[in-house]
Structure formats: structure tokens, C-alpha cells
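Structural characterization, general
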Amino acid sequence: MKLKQLESLLGNLQQFDNPKIELEQYPTGAHIASRMLYTAENSFGDVSDKVVADFGCGCGTLGLAATLLDADHVIGLDVDDESLEIASSNAEDLEVEMDLIQCEIKNLRWQGQIVDTVVMNPPFGTRNKGVDMEFLSVALKVASQAVYSLHKTTTREHIKRAALRDYNASSAEVICELRYDLPKLYKFHKKKDVDIAVDLWRFVPKPKHESSS
């Protein structure tokens, strides 16, 4: 599938009706989502025929992008049941299959590296400090091949250090810097929309026998 076609399909997906501020719910736009998954597949072969998990999947944009790029099996996980309902509806509209699980990522009880690839746009951690790192920590425990994640560019050094030192990553690489167009979703947002610089990371977990945990 061509990048433009992927972006167009993702652009038609339903997004949050009433985003929840406490969960830092922001839609992952079609522009970023399509480039994230297209790069994962076409540069690294981490999507097609793979088992892919979308952490904090929201309305399912990243996971559904993986299904469109011929992932073997896709699992979306989110704590919010309303988001999962929208994700389910989006999957039906695209006529693709995606398993959906309601849970908090930090409470995930998966044992070992049971998926190939994790894709995620975690909460930035502005409201709930450290939640972005919780997502990363769990993702690097359950993925055998790669973790793709979006984080604010301002946190780059912190992310790299933590991933390599504390979270079982054998490599941590910023693939590209993107502009995240944050629409004015919440009353406290002063401007109509805000442009945030975000990094698209690719982390490679250590093979299980090398892991210190």
C-alpha cells in the first residue's frame, strides 16, 4: 500500500467525541500515524506478517494502520471503554480485524516477549508524570522485535538514557522528528492549536536470554 493511500484511509477514521483530560487523550493524526507505520514496515519490516500491539490505542489509528499494512495479528489496548468502542467501529468501517483489550498498561500481565512489535503514542506525562515511561517500560518487556513510540523532542536525552539503562533496550534511535499538531480539544488550551515537536523512536529490545530482568 502506498503512503498516500494509507494516510487517506486513516484520515477517515472517527476520533474522540469527548476526550478525557485525565487520560491525556489526543488523537494521533493520519499524517503522523501513516508515516510511523509505513516507516516501520518499509524501512525495517516490523509490521507485515507480525503480531503487533498498539498500547493506549485510543480510537485505534496506529493498530488499524498495522492491519492495513498486512500485520498477521493486531491487539489494541486501552483503559477507556469509550475509545475502544470507537476503535471497534473504525475496524468495522475498514473491514479489518483487530483484537481490543481494556486494561491499564502498567497492570498488563503478559509474560515474556509475546508480540513482535509495539506501536504507541503514549500520554506525554504532563498531567500524570511518568506515565509515558511506564508505557515504554512495559513495551520493551513484551516486544521481541521493536517498539515504535512518539515522545516530545524536549525529552530526548532522558528517553534514550532510561531506555538503554533501565528498560531492556539494546538500541534506541530517533528515526525522525515530526510536528504534532495538537488541536484545541480542551478548555484550558489558550490557542486554537499548538505545534509540538515530537520524536519518532525505534527501540530494539534485548533478546530475552540477555535481559537482566
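Calculation rules
Residues numbered from 1 in each chain as written. Predicted model: local features only at pLDDT ≥ 70, side-chain atom pairs only at ≥ 80, totals over all residues. Heavy atoms only, no water. UniProt positions renumbered as here; feature names shortened; annotations may be inferred. Helix = DSSP H or I, 4+ residues; strand = E, 2+ residues; numbered from the N terminus. Phe/Tyr/Trp six-rings, centres within 6.5 Å; stacked < 30°, edge-to-face > 60°. Buried < 20%, exposed > 50% of the residue type's maximum accessible area, 1.4 Å probe, protein only. Arc of directions from axis to C-beta. Salt bridge = Lys/Arg side-chain N within 4 Å of Asp/Glu carboxyl O. pLDDT = per-residue confidence, 0-100. Contact = heavy atoms within 4.5 Å. Disulfide = S-S within 2.5 Å. Core = buried A, V, L, I, M, F, W, Y, C linked by side-chain atoms within 4.5 Å.

1. Details of the UniProt feature "coiled-coil region" (unreviewed entry) in the chain
The positions UniProt marks with the feature "coiled-coil region" (unreviewed entry) are residues 84-111. Structurally, residues 84-111 is divided into 39% helix and 14% strand, and its ends, taken at the C-alpha atoms, are 23 Å apart.

2. Some points on the packing of aromatic side chains
For the coordinates displayed, the defined rule picks out three aromatic pairs. Their ring planes at 10° and their centres at 5.2 Å tell us that W201 and F203 sit as a pair that is stacked. With a relative accessible area of 1%, W201 lands in the buried category.

3. A short note on helix 6 (residues 156-165)
Considered for burial, the residues of helix 6 that qualify are I159, A162 and A163. Buried residues in helix 6, looked at end-on, bunch into an arc of 100°, giving them a common side. In helix 6, those exposed residues whose orientation departs by more than 90 degrees from the buried face are E157 and R165.

4. Some words on the pattern of salt bridges
Scanning the entire structure with this criterion turns up six salt bridges. Here R156 makes a salt bridge to D199, at a shortest N to O gap of 2.7 Å. In this pair, R156 is assigned in helix 6 and D199 in strand 7 (residues 193-205), connecting sequence segments 43 residues apart. With a relative accessible area of 28%, R156 lands in the partly exposed category. For D166, the salt bridge identified is with R165, shortest N-O distance 3.1 Å. Take D166: its relative accessible area is 46%, and that puts it in the partly exposed class. Classification of R165 by relative accessible area gives exposed; the value is 58%. Ionic contacts of the salt-bridge type, sharing partners, join the residues R156, E177 and D199 into one network.

5. Concerning the confidence of the model for the chain
For the chain, per-residue confidence averages 87 on the pLDDT scale, and 82% of positions sit at 70 or higher. Confidence scores differ between elements of the chain, with strand 6 (residues 169-183) showing the lowest mean pLDDT of 85 and strand 4 (residues 115-120) the highest of 98. Ignoring residues within four places in sequence, the model shows residues 184-189, a span with pLDDT below 50, making 19 contacts including any to other chains.

6. Quick look at the state of the cysteines
If you walk through the whole model with that rule in mind, you get zero disulfides. You can see C103 has no disulfide; the closest cysteine sulfur is in C57, sitting 9.2 Å from it. Classification of C103 as buried rests on a relative accessible area of 19%.

7. Thoughts on the nonpolar core
Membership of the largest hydrophobic core comes to 32 residues, with the highest contact counts inside it found for L10, M36, L37, V47, A66, Y148 and L150. Going through the elements one at a time, helix 1 (3-11), helix 2 (30-42), helix 3 (61-68), helix 4 (81-94), strand 5 (143-152) and strand 7 are the ones with two or more residues in this core. With residues near it in sequence (within four places) discarded, M36 still touches L62, M120, Y148, S149, L150 and L200. In terms of nonpolar packing, the next biggest core, distinct from the first, is built from 28 residues, A143, A163, A172 and W201 among them.

8. Description of unusual backbone geometry
You will see that D49, though not glycine, has its phi angle at about 65°, which is positive. Note that D49 resides in the loop between helix 2 and strand 1 (51-55).

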